[in-house]
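# A look at the structure
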Amino acid sequence: MDAFVSVYVEMGARADDVRAAVAALPLPAGVVEAKVDDESITDTFGCRIAIDLTGTFDEKTEGLAIAREYAVSL
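Scoring rules and cut-offs
- Residues numbered from 1 in each chain as written.
- Predicted model: local features only at pLDDT ≥ 70, side-chain atom pairs only at ≥ 80, totals over all residues.
- Heavy atoms only, no water.
- Salt bridge = Lys/Arg side-chain N within 4 Å of Asp/Glu carboxyl O.
- Helix = DSSP H or I, 4+ residues; strand = E, 2+ residues; numbered from the N terminus.
- Buried < 20%, exposed > 50% of the residue type's maximum accessible area, 1.4 Å probe, protein only.

Before going further, it helps to spend a moment on the pattern of salt bridges. In the structure shown here, the tally under the stated rule is three salt bridges. For Asp 16, the salt bridge goes to Arg 14, with nearest N and O atoms at 4.0 Å. The shortest N-O distance in the salt bridge between Asp 16 and Arg 19 comes to 3.6 Å. Here Asp 16 pairs with Arg 19, and both are found in helix H1 (residues 15-24), just three residues apart, close to one helical turn. Using a relative accessible area of 51% as the deciding quantity, one classes Asp 16 as exposed. One connected set of salt bridges, linked through shared partners, spans Arg 14, Asp 16, Asp 17 and Arg 19.

If you want it as structure tokens, here you go:
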């Protein structure tokens, strides 16, 4: 089973801009897919867009670090 972690984007971000930024970023080690989800998220932590990162990393030991590093790069 693939590991999963989400990165939430601020409420004012436009989905097209987030998609362009995600397309321009290399995937972190252990991540095989970054998917922008702007349809099912409704104001989670003041955010309406999430980037779902899936891969082979260990969610419990690496997931949070991967999400934070990706958010900073984004």
